[in-house]
Amino acid sequence: MMSLTLSAMLHVSLLSTGMNSYAEAHKVHSETGQPMVILVGAEWCPACVQMKNSAIPQVARRGLLKKVAFATVNTDQQGSLARKLMKGGSIPQLIMYRKTRSGWSRRLLVGKQSPEQIEAFINQGLEAQQAESQLAEPAAASTVKQASQRDANDSSIN
């Protein structure tokens with residue numbers, strides 16, 4: 001009875017962390033541009049279970065998972081997807097994908113990580129995304145300015 005209660009509490013806490021399927025996280029990424037962070041692991045892996053049940057909920061409670069599209073992928077249940085996402089066979093793997101001007105950027109943490117290590121990993125990715133978007137803004141402003149100048153030149157010809 002006690003294990004059933006603990007299991008139910010754990011399930012509720014995982015739902016409250018915002019753990020989604022890969023498809024849901026990809027949809028959120030597509031709609032918002034938020035980086036995707038995926039925890040790849042298995043239920044038989046003690047380090048994976050610790051990250052999923054302890055470290056990730058702590059990161060979620062601090063609000064950081066609201067800034068990314070987060071998902072978990074189980075290697076036993078979603079083997080094909082897990083193999084496509086992972087580099088090598090060691091688990092757990094925490095992977096961040098974010099879209100850049102030159103394509104996809106991929107960052108990786110392998111092995112058991114503390115909440116602080118996970119937060120640093122996510123924050124570094126968010127900072128890189130913000131820096132890149134700030135670099136893109138002047139370029140976009142320059143393009144608009146050039147188009148405005150062309151329009152002004154075109155109208156002065158007529």
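Residues numbered from 1 in each chain as written. Predicted model: local features only at pLDDT ≥ 70, side-chain atom pairs only at ≥ 80, totals over all residues. Heavy atoms only, no water.

*Asks:* How should the overall build of the chain be read in this particular structure?
*Replies:* Looking only at helices and strands, the chain has five helices and four strands in total. Helices and strands in the chain line up, N terminus first, as α-α-β-α-β-α-β-β-α. Counting only residues that meet the buried cut, the chain has 35% of its 158 residues in that class. Considering only intrachain contacts with a sequence separation of at least 6, the fraction spanning at least 24 residues in the chain is 68%. Surface accessibility of the chain: about 9400 Å² in total, with carbon and sulfur atoms responsible for 55%. (Helix = DSSP H or I, 4+ residues; strand = E, 2+ residues; numbered from the N terminus. Buried < 20%, exposed > 50% of the residue type's maximum accessible area, 1.4 Å probe, protein only. Contact = heavy atoms within 4.5 Å. Areas by Shrake-Rupley, 256 points an atom, 1.4 Å probe, with all protein chains shown as cover.)

*Asks:* Can you help me understand the confidence of the model for the chain in this one?
*Replies:* Detailed reading of the predicted coordinates is not advisable wherever pLDDT falls low. Taken residue by residue, the chain gives an average pLDDT of 80. The fraction at 70 or more is 73%. Contacts for the low-pLDDT stretch residues 139-144, under 50 throughout, to residues beyond four places or in other chains number zero contacts. Across residues 150-158, confidence stays below pLDDT 50; counting only partners more than four residues off in sequence or on other chains, it has zero contacts. (pLDDT = per-residue confidence, 0-100.)

*Asks:* Would you mind going over the pairing of strand β2 (residues 69-74) with me for this structure?
*Replies:* The side chains of a regular strand alternate between the sheet's two faces. Among the six residues that make up β2, six are buried, leaving the element largely enclosed by the rest of the structure. What you see with β2 is no split at all: A69, A71 and V73 on one side and F70, T72 and N74 on the other are buried throughout. In the sheet, strand β1 (residues 36-41) pairs with β2 via six bridges, with the strands oriented parallel. Bridging from a neighbouring strand, G41 pairs with N74 of β2. In this fold, β1 hands off to helix α3 (residues 46-61), which returns the chain to β2; that crossover is right-handed. (Pairing = 2+ DSSP bridges. Right-handed = clockwise from strand over helix to strand, strands pointing away.)

*Asks:* Is there a simple way to think about the pattern of salt bridges in this case?
*Replies:* In the structure shown here, the tally under the stated rule is four salt bridges. Between E31 and K27 there is a salt bridge, with the nearest N and O atoms lying 3.9 Å from each other. Taken together, the residues E31 and K27, both in helix α2 (residues 22-32) and four residues apart, mark about one turn of the helix. Like K27, E31 is exposed. For E119, the salt bridge is made with R62, and the minimal N-O distance between the two is 2.6 Å. Separated by 57 residues along the polypeptide, E119 in helix α5 (residues 115-157) and R62 in the loop between α3 and β2 bring together distant segments of the chain. Owing to a relative accessible area of 47%, R62 belongs among the partly exposed residues under this scheme. Connected via shared salt-bridge partners are R62, E116 and E119. (Salt bridge = Lys/Arg side-chain N within 4 Å of Asp/Glu carboxyl O.)

*Asks:* Hey, could you run me through the pairing of strand β4 (residues 103-110) in this one?
*Replies:* Summarising the sheet, strand β3 (residues 93-100) and β4 pair through eight bridges and their orientation is antiparallel. Note that in β4 the partner of M96 across the bridge is R107. From the end of β3 to the start of β4, which pair antiparallel, there are two residues.

*Asks:* Where do I start with the sheet that holds β1 in this structure?
*Replies:* Backbone hydrogen bonds are what pair the strands of a sheet, in a parallel or an antiparallel way. Taken in spatial order, the four strands line up as β2-β1-β3-β4 in an open sheet, and their pairing is mixed. A strand with exactly one partner marks an edge of an open sheet, and here the two such strands are β2 and β4. Averaged over all neighbouring strand pairs, the angle between strand axes comes to 20°, with direction disregarded. (Axes fitted to C-alpha atoms, helices over the stretch in contact; angles between N-to-C directions.)

*Asks:* What should I look at first to understand α3 in this one?
*Replies:* Spacing of three or four residues puts side chains on the same side of an α-helix, whose turn is 3.6 residues. Helix length check: α3 (16 residues) gives 22 Å between terminal C-alpha atoms against 22 Å at 1.5 Å per residue, within 8%. The largest bend in α3 is about 35°, located at K52. Buried within α3 are the following residues: A47, C48, M51, A55, I56, P57, V59 and A60. A positive phi of about 90° marks G63, the residue just after α3. (Expected span 1.5 Å × (residues − 1). Bend = angle between axes of the 7 residues up to and from the residue.)

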